[in-house]
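One letter stands for each residue in the lines below.
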Amino acid sequence: MGVLEGKVVLVTGGGNGIGKETALLAAREGAKVVVNDLGGSLTGADEGSAGPAETVAQEIRKAGGEAVSNSESVTDMKAVQGMIEQAKDEFGALHSIINPAGILRDGMFHKMSEDDWDSVIDVHLRGTFNVTRAAIELFREKEDGNFVLFTSTSGLIGNIGQANYAAAKMGIVGLSRIVAMEGARKNVRSNVIAPFAWTRMIASIPVKDEAGAERVERMRQGMRADQVAQLAVALCADKANDVSGQIFAVRGNEVVLFDQPRPVKSLARMEGWTPETLLEQAMPAMKANFFDMGASASVFPYDPV
């Protein structure tokens, strides 16, 4: 028996990359799977296709599993509600939602259009709101439910050229934590993963020099989507019932637990602060604890999803 035996799981973005590998693995681990994918391009600028989701669902069925496909957009609340109903109609329940669906519209912030901002926020942040909001009442009523959401090192650490993506992905971190806090008494869990994996999103990153090409090749060979899927599926298992509100990353065979924003230093002045005393006393005293904006590049050089 697999770790998801008897479970029903909705996987968004399930037609490619991490979503596809997660859907396939969830089925191998015993879950009945609703495979959702709009079937659109990397930028989300086209109407999409039902093909990718159905291809993955067929692969699951051919292997002896149970799966249905869905090609609606996570940006449409009614469509997401329909995904929940499809899971209930087809399989009688829904226990987990894994939500790696996403697009990219990269560009320097001073050149970013409103459309590129809105589109990325809509798919990532609004889409995550939709899938969690559409299922939360069902999960609370059953006192059994689990969300695996996807953040990014673009937000957690930073990545030039992805202001829209970083903003959306940090919003997901905050949303996940509140969902986890509010759901704790009802056995509703939520965690986030920042994945490192070779996907079509990574393949779209421009390579500007030989060092960059070497890093990309190492990622292609050693950081695969199926490695991220292992954690996504594990977080849906009953044995992970005490895991909620956490931020993880997966890089190859390495699983990383991130810390979360907490105070690192404080200063008080009995007579209160003025702009002058803040500049003369507070900022110099705190400067040693400032975070280096450039240090992240050597640790996590590429953003994954």
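From a predicted model like this one, the values you see are computed outputs, not experimental measurements. (Residues numbered from 1 in each chain as written. Predicted model: local features only at pLDDT ≥ 70, side-chain atom pairs only at ≥ 80, totals over all residues. Heavy atoms only, no water.)

1. Side note on unusual backbone geometry
At Glu143, a position not held by glycine, the phi torsion is positive, near 55°. If you trace the backbone, Glu143 turns up in the loop between helix H4 (114-142) and strand S5 (145-150). Looking at Glu143, the relative accessible area reads 41%, which means it is partly exposed. At Asn187, a residue that is not glycine, the phi angle is positive and equals roughly 60°. (Helix = DSSP H or I, 4+ residues; strand = E, 2+ residues; numbered from the N terminus. Buried < 20%, exposed > 50% of the residue type's maximum accessible area, 1.4 Å probe, protein only.)

2. Description of the side chain of Asn146
Looking at where Asn146 falls in the secondary structure, it is placed in strand S5. What makes Asn146 buried here is its relative accessible area of 2%. Among the polar contacts listed, one links the side chain of Asn146 to the side chain of Ser96, at a separation of 3.4 Å. Sequence-distant contacts of Asn146, defined by excluding residues within four places in its chain, comprise His95, Ser96, Ile97, Phe139, Arg189, Leu235 and Cys236. (Polar contact = N/O pair within 3.5 Å; in protein donor to acceptor, adjacent residues only side chain to side chain. Contact = heavy atoms within 4.5 Å.)

3. With respect to the nonpolar core
Core analysis: the largest hydrophobic core is formed by 35 residues, its most contacted members being Leu10, Ile84, Leu94, Ile97, Phe139 and Phe147. Secondary-structure elements contributing two or more residues to this core are strand S1 (8-11), helix H3 (77-91), H4, S5, helix H6 (163-183), strand S6 (188-196) and strand S7 (247-251). Not counting chain neighbours up to four residues away, the residues in contact with Phe139 comprise Leu94, His95, Ser96, Ile97, Asp144, Gly145, Asn146, Phe147, Lys186 and Val188. With 33 residues, the next largest nonpolar core counts Ile18, Ala225, Leu231 and Val233 among its residues. (Core = buried A, V, L, I, M, F, W, Y, C linked by side-chain atoms within 4.5 Å.)

4. Looking at the packing of aromatic side chains
Here the distance between the centres and the angle between the planes together describe a pair of aromatic rings. Within this structure, the stated rule accounts for two aromatic pairs. Measuring from centroid to centroid gives 6.4 Å for Phe109 and Trp117, while their planes differ by 70°, and the two rings are edge-to-face. Residue Phe109 is classed as exposed on the basis of its relative accessible area of 56%. For Trp117, a relative accessible area of 30% corresponds to the partly exposed category. Here Phe139 and Phe147 contribute two aromatic rings whose centre-to-centre distance is 5.1 Å and whose plane-to-plane angle is 45°, an arrangement assigned as tilted. (Phe/Tyr/Trp six-rings, centres within 6.5 Å; stacked < 30°, edge-to-face > 60°.)

5. Here's the deal with the pattern of salt bridges
For the coordinates displayed, the defined rule picks out 10 salt bridges. One salt bridge connects Glu137 with Arg133, and the closest N-O pair in it is separated by 2.9 Å. Placement of the pair is Glu137 and Arg133 together in helix H4, with a separation of four residues, close to one helical turn. For Glu137, a relative accessible area of 53% puts it in the exposed group. Classification of Arg133 by relative accessible area gives partly exposed; the value is 38%. Note that Glu143 and Lys186 form a salt bridge whose closest N and O atoms lie 3.8 Å from each other. Of the two residues, Glu143 is situated in the loop between H4 and S5 and Lys186 in the loop between H6 and S6; the sequence distance between them amounts to 43 residues. (Salt bridge = Lys/Arg side-chain N within 4 Å of Asp/Glu carboxyl O.)

6. Focus: the confidence of the model for the chain
The predicted model of the chain averages 90 in pLDDT, with 86% of residues at 70 or higher. Segment residues 295-305: pLDDT under 50, and 41 contacts once partners within four positions in sequence are set aside and those in other chains are kept. (pLDDT = per-residue confidence, 0-100.)

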